[in-house]
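# Secondary and tertiary structure notes
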Amino acid sequence: MLKYVLKRIALMFVSLFVIMTMLFVLVRLLPNPVEAVAGGFDQALRDMREAWGYNKPIMVQYGVFLRKVFTLWDWGFCTTMGTFLQPVTQYIGSKLPATIYVNVISVIVSLPLGIIFGIVAAVYKNRWPDHVIQVFIMVFISVPSFVYAFILQYFVGYRLGWCPLVFRDGTDYFSWPMFHSAILPVLALSFGPVAGNMRLIRAELTEQLSSEYMLLARTKGLSRGEATVRHALRNSLVPLMPSFLGEFIGILGGSMIIEQIFAVPGIGRTYVQSIAVKDYSVFMAISMFYVVISLAAGIVGDLSYGFIDPRIRMGGGKQNEL
(Lines give C-alpha, C1' and ligand atoms only; values in the text may rest on other atoms or scores of the structure.)
Protein backbone atom coordinates (compact mmCIF):
# COMPACT_ATOMS: atom_id res chain seq x y z
CA MET A 1 0.00 0.00 0.00
CA LEU A 2 2.79 2.44 0.93
CA LYS A 3 4.67 1.61 -2.27
CA TYR A 4 1.56 2.35 -4.33
CA VAL A 5 1.02 5.68 -2.55
CA LEU A 6 4.63 6.75 -3.10
CA LYS A 7 4.41 5.75 -6.75
CA ARG A 8 1.26 7.80 -7.27
CA ILE A 9 2.78 10.82 -5.53
CA ALA A 10 5.89 10.56 -7.72
CA LEU A 11 3.73 10.38 -10.86
CA MET A 12 1.77 13.39 -9.60
CA PHE A 13 4.95 15.47 -9.34
CA VAL A 14 6.05 14.37 -12.81
CA SER A 15 2.67 15.38 -14.25
CA LEU A 16 2.82 18.63 -12.33
CA PHE A 17 6.26 19.44 -13.72
CA VAL A 18 5.24 18.66 -17.32
CA ILE A 19 2.08 20.79 -17.10
CA MET A 20 3.94 23.64 -15.42
CA THR A 21 6.62 23.59 -18.11
CA MET A 22 4.08 23.66 -20.93
CA LEU A 23 2.11 26.48 -19.31
CA PHE A 24 5.20 28.56 -18.65
CA VAL A 25 6.52 28.26 -22.21
CA LEU A 26 3.15 29.06 -23.77
CA VAL A 27 2.57 32.02 -21.45
CA ARG A 28 6.02 33.53 -22.01
CA LEU A 29 5.54 33.27 -25.79
CA LEU A 30 2.49 35.55 -25.56
CA PRO A 31 2.88 39.33 -25.93
CA ASN A 32 3.77 40.82 -22.55
CA PRO A 33 1.63 43.87 -21.67
CA VAL A 34 3.91 44.98 -18.82
CA GLU A 35 5.46 47.75 -20.90
CA ALA A 36 2.07 49.35 -21.52
CA VAL A 37 1.08 49.85 -17.89
CA ALA A 38 0.05 53.23 -16.55
CA GLY A 39 3.02 55.34 -15.53
CA GLY A 40 5.35 53.95 -18.14
CA PHE A 41 8.31 51.61 -17.86
CA ASP A 42 9.71 52.98 -14.58
CA GLN A 43 12.78 51.83 -12.68
CA ALA A 44 10.87 49.62 -10.22
CA LEU A 45 9.38 47.69 -13.09
CA ARG A 46 12.76 47.40 -14.78
CA ASP A 47 14.28 45.98 -11.60
CA MET A 48 11.42 43.51 -11.14
CA ARG A 49 11.68 42.29 -14.73
CA GLU A 50 15.42 41.92 -14.36
CA ALA A 51 15.01 39.89 -11.16
CA TRP A 52 12.62 37.54 -12.93
CA GLY A 53 14.85 37.23 -16.01
CA TYR A 54 12.35 38.65 -18.51
CA ASN A 55 15.19 39.91 -20.69
CA LYS A 56 16.96 36.54 -20.82
CA PRO A 57 16.35 33.37 -22.90
CA ILE A 58 13.21 31.47 -22.06
CA MET A 59 14.99 28.51 -20.46
CA VAL A 60 16.88 30.88 -18.18
CA GLN A 61 13.56 32.51 -17.32
CA TYR A 62 12.14 29.09 -16.47
CA GLY A 63 15.09 28.33 -14.20
CA VAL A 64 14.57 31.62 -12.36
CA PHE A 65 10.86 30.86 -12.10
CA LEU A 66 11.41 27.38 -10.62
CA ARG A 67 14.00 28.65 -8.15
CA LYS A 68 11.74 31.42 -6.87
CA VAL A 69 8.65 29.18 -6.66
CA PHE A 70 10.26 26.24 -4.85
CA THR A 71 12.63 28.17 -2.59
CA LEU A 72 10.73 31.38 -1.84
CA TRP A 73 7.15 30.45 -2.88
CA ASP A 74 7.27 33.56 -5.04
CA TRP A 75 4.92 33.34 -8.06
CA GLY A 76 5.72 36.75 -9.42
CA PHE A 77 3.99 40.12 -9.28
CA CYS A 78 0.73 41.64 -10.51
CA THR A 79 1.00 43.89 -13.55
CA THR A 80 -2.58 44.72 -14.53
CA MET A 81 -4.57 43.38 -11.54
CA GLY A 82 -4.61 44.36 -7.89
CA THR A 83 -2.01 46.82 -6.70
CA PHE A 84 0.79 47.34 -9.22
CA LEU A 85 3.70 44.97 -8.49
CA GLN A 86 1.70 43.34 -5.67
CA PRO A 87 2.89 39.75 -4.97
CA VAL A 88 0.68 37.24 -6.76
CA THR A 89 0.37 34.99 -3.70
CA GLN A 90 -0.87 37.90 -1.61
CA TYR A 91 -3.41 38.92 -4.25
CA ILE A 92 -4.73 35.38 -4.79
CA GLY A 93 -4.87 34.78 -1.04
CA SER A 94 -7.27 37.70 -0.70
CA LYS A 95 -9.59 36.10 -3.29
CA LEU A 96 -9.54 32.54 -1.96
CA PRO A 97 -11.94 32.94 1.05
CA ALA A 98 -14.91 33.93 -1.13
CA THR A 99 -14.45 30.89 -3.39
CA ILE A 100 -14.06 28.53 -0.44
CA TYR A 101 -17.13 30.02 1.23
CA VAL A 102 -19.45 29.53 -1.75
CA ASN A 103 -18.05 26.14 -2.80
CA VAL A 104 -18.07 24.58 0.67
CA ILE A 105 -21.70 25.57 1.22
CA SER A 106 -22.66 24.17 -2.18
CA VAL A 107 -20.98 20.83 -1.37
CA ILE A 108 -22.68 20.73 2.03
CA VAL A 109 -26.02 21.29 0.29
CA SER A 110 -25.59 19.07 -2.78
CA LEU A 111 -24.00 15.96 -1.28
CA PRO A 112 -26.65 14.99 1.33
CA LEU A 113 -29.54 15.99 -0.95
CA GLY A 114 -28.17 13.86 -3.78
CA ILE A 115 -27.65 10.86 -1.50
CA ILE A 116 -31.08 11.14 0.14
CA PHE A 117 -33.06 11.50 -3.10
CA GLY A 118 -30.93 8.80 -4.74
CA ILE A 119 -31.80 6.40 -1.92
CA VAL A 120 -35.50 7.26 -2.26
CA ALA A 121 -35.37 6.64 -6.02
CA ALA A 122 -33.67 3.27 -5.54
CA VAL A 123 -35.98 2.09 -2.77
CA TYR A 124 -39.10 3.12 -4.73
CA LYS A 125 -37.78 1.98 -8.11
CA ASN A 126 -40.33 2.16 -10.95
CA ARG A 127 -42.86 3.89 -8.69
CA TRP A 128 -44.00 7.49 -8.75
CA PRO A 129 -41.23 8.89 -6.47
CA ASP A 130 -38.63 7.31 -8.74
CA HIS A 131 -40.26 8.73 -11.87
CA VAL A 132 -40.45 12.23 -10.40
CA ILE A 133 -36.80 12.13 -9.30
CA GLN A 134 -35.65 10.87 -12.70
CA VAL A 135 -37.40 13.79 -14.40
CA PHE A 136 -35.51 16.21 -12.16
CA ILE A 137 -32.26 14.32 -12.85
CA MET A 138 -32.67 14.67 -16.60
CA VAL A 139 -33.51 18.39 -16.36
CA PHE A 140 -30.73 19.31 -13.92
CA ILE A 141 -28.04 17.34 -15.76
CA SER A 142 -29.01 18.57 -19.23
CA VAL A 143 -29.09 22.30 -18.42
CA PRO A 144 -25.75 24.09 -17.75
CA SER A 145 -25.24 25.77 -14.38
CA PHE A 146 -25.02 29.28 -15.84
CA VAL A 147 -28.59 28.89 -17.19
CA TYR A 148 -29.79 28.21 -13.64
CA ALA A 149 -27.80 31.24 -12.54
CA PHE A 150 -29.60 33.58 -14.95
CA ILE A 151 -33.01 32.09 -14.10
CA LEU A 152 -32.42 32.36 -10.36
CA GLN A 153 -31.02 35.85 -10.68
CA TYR A 154 -34.00 37.08 -12.70
CA PHE A 155 -36.93 35.38 -10.96
CA VAL A 156 -35.72 34.89 -7.37
CA GLY A 157 -33.45 37.92 -7.15
CA TYR A 158 -35.08 40.51 -9.42
CA ARG A 159 -38.78 39.62 -9.78
CA LEU A 160 -39.42 38.25 -6.29
CA GLY A 161 -36.66 40.16 -4.49
CA TRP A 162 -35.96 37.31 -2.08
CA CYS A 163 -32.16 37.38 -2.47
CA PRO A 164 -29.53 39.92 -3.55
CA LEU A 165 -28.62 39.86 -7.23
CA VAL A 166 -24.88 39.83 -6.54
CA PHE A 167 -22.58 38.52 -3.84
CA ARG A 168 -22.01 40.84 -0.90
CA ASP A 169 -18.53 42.35 -0.79
CA GLY A 170 -16.79 41.95 2.56
CA THR A 171 -15.07 39.53 4.88
CA ASP A 172 -17.76 38.81 7.50
CA TYR A 173 -18.56 35.35 6.13
CA PHE A 174 -20.51 34.22 9.21
CA SER A 175 -23.08 37.01 9.06
CA TRP A 176 -26.62 36.64 7.74
CA PRO A 177 -26.24 39.33 5.01
CA MET A 178 -23.22 37.48 3.61
CA PHE A 179 -24.98 34.10 3.69
CA HIS A 180 -28.11 35.67 2.20
CA SER A 181 -26.13 37.01 -0.75
CA ALA A 182 -24.55 33.58 -1.30
CA ILE A 183 -27.86 31.69 -1.62
CA LEU A 184 -28.28 32.22 -5.38
CA PRO A 185 -24.73 31.25 -6.42
CA VAL A 186 -24.85 28.25 -4.08
CA LEU A 187 -28.13 27.06 -5.63
CA ALA A 188 -26.77 27.56 -9.15
CA LEU A 189 -23.71 25.47 -8.29
CA SER A 190 -25.68 22.76 -6.48
CA PHE A 191 -28.33 21.72 -9.02
CA GLY A 192 -25.94 19.80 -11.29
CA PRO A 193 -24.07 17.91 -8.53
CA VAL A 194 -27.36 17.03 -6.79
CA ALA A 195 -28.68 15.46 -9.99
CA GLY A 196 -25.41 13.63 -10.63
CA ASN A 197 -25.31 12.22 -7.11
CA MET A 198 -28.95 11.13 -7.34
CA ARG A 199 -28.31 9.27 -10.59
CA LEU A 200 -25.18 7.51 -9.31
CA ILE A 201 -26.69 6.54 -5.96
CA ARG A 202 -29.86 5.25 -7.61
CA ALA A 203 -27.94 3.09 -10.10
CA GLU A 204 -25.52 1.61 -7.56
CA LEU A 205 -28.04 1.12 -4.77
CA THR A 206 -30.56 -0.51 -7.13
CA GLU A 207 -27.94 -3.07 -8.09
CA GLN A 208 -27.03 -3.72 -4.45
CA LEU A 209 -30.66 -4.13 -3.37
CA SER A 210 -31.10 -6.93 -5.90
CA SER A 211 -27.99 -8.82 -4.75
CA GLU A 212 -28.09 -12.21 -3.05
CA TYR A 213 -26.50 -10.99 0.19
CA MET A 214 -29.49 -8.70 0.73
CA LEU A 215 -31.79 -11.73 0.65
CA LEU A 216 -29.51 -13.43 3.17
CA ALA A 217 -29.62 -10.37 5.43
CA ARG A 218 -33.42 -10.36 5.32
CA THR A 219 -33.58 -14.08 6.20
CA LYS A 220 -31.41 -13.37 9.27
CA GLY A 221 -34.09 -11.07 10.63
CA LEU A 222 -33.03 -7.62 9.40
CA SER A 223 -35.75 -5.35 8.12
CA ARG A 224 -35.50 -3.87 4.63
CA GLY A 225 -34.43 -0.52 6.03
CA GLU A 226 -31.78 -2.02 8.32
CA ALA A 227 -30.35 -4.19 5.54
CA THR A 228 -30.27 -1.19 3.20
CA VAL A 229 -28.45 1.07 5.65
CA ARG A 230 -26.02 -1.52 7.07
CA HIS A 231 -25.06 -3.33 3.89
CA ALA A 232 -26.43 -2.05 0.57
CA LEU A 233 -25.78 1.64 1.13
CA ARG A 234 -22.16 1.18 2.22
CA ASN A 235 -21.38 -1.14 -0.67
CA SER A 236 -22.98 1.25 -3.14
CA LEU A 237 -20.77 4.10 -1.93
CA VAL A 238 -17.52 2.28 -2.81
CA PRO A 239 -17.50 3.09 -6.55
CA LEU A 240 -18.94 6.57 -5.90
CA MET A 241 -16.25 8.00 -3.64
CA PRO A 242 -14.00 9.20 -6.50
CA SER A 243 -16.95 11.04 -8.02
CA PHE A 244 -17.79 12.61 -4.65
CA LEU A 245 -14.20 13.82 -4.28
CA GLY A 246 -14.12 15.01 -7.87
CA GLU A 247 -17.37 16.88 -7.33
CA PHE A 248 -15.56 19.56 -5.36
CA ILE A 249 -13.11 20.04 -8.23
CA GLY A 250 -16.00 20.23 -10.68
CA ILE A 251 -17.70 22.90 -8.62
CA LEU A 252 -14.46 24.90 -8.46
CA GLY A 253 -14.20 24.78 -12.24
CA GLY A 254 -17.84 25.68 -12.79
CA SER A 255 -17.60 28.57 -10.36
CA MET A 256 -15.56 30.54 -12.90
CA ILE A 257 -18.76 31.43 -14.75
CA ILE A 258 -20.98 31.54 -11.66
CA GLU A 259 -18.62 33.92 -9.92
CA GLN A 260 -18.71 36.19 -12.94
CA ILE A 261 -22.51 36.24 -13.02
CA PHE A 262 -22.97 36.92 -9.31
CA ALA A 263 -19.84 39.09 -8.94
CA VAL A 264 -18.27 36.77 -6.38
CA PRO A 265 -14.74 38.13 -5.71
CA GLY A 266 -13.19 34.66 -5.78
CA ILE A 267 -10.54 32.64 -7.58
CA GLY A 268 -12.77 31.71 -10.52
CA ARG A 269 -13.66 35.29 -11.35
CA THR A 270 -10.06 36.38 -10.89
CA TYR A 271 -8.93 33.60 -13.25
CA VAL A 272 -11.24 34.79 -16.02
CA GLN A 273 -10.21 38.42 -15.47
CA SER A 274 -6.49 37.55 -15.57
CA ILE A 275 -6.99 36.19 -19.09
CA ALA A 276 -8.94 39.26 -20.19
CA VAL A 277 -6.42 41.79 -18.85
CA LYS A 278 -3.35 39.66 -19.72
CA ASP A 279 -1.93 39.39 -16.22
CA TYR A 280 0.05 36.23 -16.93
CA SER A 281 1.58 35.80 -13.49
CA VAL A 282 -1.85 35.61 -11.88
CA PHE A 283 -3.04 33.31 -14.66
CA MET A 284 -0.06 30.99 -14.18
CA ALA A 285 -0.47 30.77 -10.40
CA ILE A 286 -4.22 30.06 -10.51
CA SER A 287 -3.75 27.51 -13.30
CA MET A 288 -1.29 25.58 -11.17
CA PHE A 289 -3.69 25.89 -8.22
CA TYR A 290 -6.33 24.02 -10.21
CA VAL A 291 -3.81 21.46 -11.50
CA VAL A 292 -2.54 20.62 -8.00
CA ILE A 293 -6.06 20.19 -6.61
CA SER A 294 -7.09 17.99 -9.54
CA LEU A 295 -4.05 15.71 -9.26
CA ALA A 296 -4.35 15.47 -5.47
CA ALA A 297 -8.07 14.66 -5.74
CA GLY A 298 -7.27 11.80 -8.12
CA ILE A 299 -4.87 10.23 -5.63
CA VAL A 300 -7.24 10.68 -2.69
CA GLY A 301 -10.07 9.23 -4.77
CA ASP A 302 -8.10 6.08 -5.56
CA LEU A 303 -6.99 5.62 -1.95
CA SER A 304 -10.55 6.10 -0.69
CA TYR A 305 -11.52 2.69 -2.10
CA GLY A 306 -9.37 0.94 0.48
CA PHE A 307 -10.72 2.98 3.38
CA ILE A 308 -14.35 2.30 2.50
CA ASP A 309 -13.94 -1.36 1.54
CA PRO A 310 -10.96 -3.03 3.31
CA ARG A 311 -11.18 -5.98 0.92
CA ILE A 312 -9.81 -3.82 -1.88
CA ARG A 313 -6.79 -2.85 0.20
CA MET A 314 -6.17 -6.46 1.23
CA GLY A 315 -6.47 -7.59 -2.36
CA GLY A 316 -3.83 -5.06 -3.41
CA GLY A 317 -1.50 -6.34 -0.67
CA LYS A 318 -1.87 -9.95 -1.75
CA GLN A 319 -1.27 -8.98 -5.33
CA ASN A 320 1.93 -7.19 -4.37
CA GLU A 321 3.11 -10.22 -2.44
CA LEU A 322 2.64 -12.40 -5.48
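Before reading further, recall that the structure is shown in the block above.
Scope of this entry: the structure provided in the associated data block. (Residues numbered from 1 in each chain as written. Predicted model: local features only at pLDDT ≥ 70, side-chain atom pairs only at ≥ 80, totals over all residues. Heavy atoms only, no water.)

Bringing the pattern of salt bridges into the picture now. Applying the stated rule across the entire model yields one salt bridge. With its nearest N and O atoms 2.7 Å apart, the salt bridge here joins Arg202 to Asp130. Highlighted residues: Arg202 in helix H7 (residues 176-209) and Asp130 in helix H5 (residues 128-142), separated in sequence by 72 residues. On the accessibility criterion, Asp130 (0% relative accessible area) is buried. (Salt bridge = Lys/Arg side-chain N within 4 Å of Asp/Glu carboxyl O. Helix = DSSP H or I, 4+ residues; strand = E, 2+ residues; numbered from the N terminus. Buried < 20%, exposed > 50% of the residue type's maximum accessible area, 1.4 Å probe, protein only.)

Applying the stated criterion across every chain yields a total of 18 aromatic pairs. Ring geometry for Tyr62 against Phe65: centres 6.3 Å apart, planes inclined by 15°, an arrangement best described as stacked. Placement of both Tyr62 and Phe65 in helix H3 (residues 58-72) is noted, with a separation of three residues, approximately one turn of the helix. Classification of Phe65 as buried rests on a relative accessible area of 3%. Both rings, one in Tyr101 and one in Tyr173, keep their centres 5.1 Å apart while their planes meet at 40°; by these two values the pair is tilted. (Phe/Tyr/Trp six-rings, centres within 6.5 Å; stacked < 30°, edge-to-face > 60°.)

Another aspect to go through is unusual backbone geometry. Phi is positive for Asn126, close to 65°, though the residue is something other than glycine. Note that Asn126 resides in the loop between helix H4 (88-123) and H5. One non-glycine residue, Lys278, lies in the positive phi region at around 60°. Here Lys278 lies in the loop between helix H11 (267-276) and helix H12 (280-308). Classification of Lys278 by relative accessible area gives partly exposed; the value is 39%.

Bringing the packing of H5 against H7 into the picture now. It is the contact of H5 with H7, at a shortest axis distance of 8 Å, that shows an interaxial angle of 135°. Taken together, the axes of H5 and H7 are oblique relative to one another. Of the two possible hands of crossing, H5 and H7 adopt the one that is left-handed. Residues Asp130, Ile133, Gln134, Ile137, Phe140 and Ile141 of H5 form the contact with H7, whose participating residues are Phe191, Gly192, Ala195, Gly196, Met198, Arg199 and Arg202. Each residue belonging to the contact of H5 with H7 can be placed in one class, and the counts come to seven nonpolar, three polar and three charged. (Axes fitted to C-alpha atoms, helices over the stretch in contact; angles between N-to-C directions. Parallel < 35°, antiparallel > 145°, perpendicular 65-115°, else oblique. Left-handed = near helix turned anticlockwise from the far one by under 90°. Contact = heavy atoms within 4.5 Å. Nonpolar A, V, L, I, M, F, W, Y, C, P; charged D, E, K, R; others polar.)

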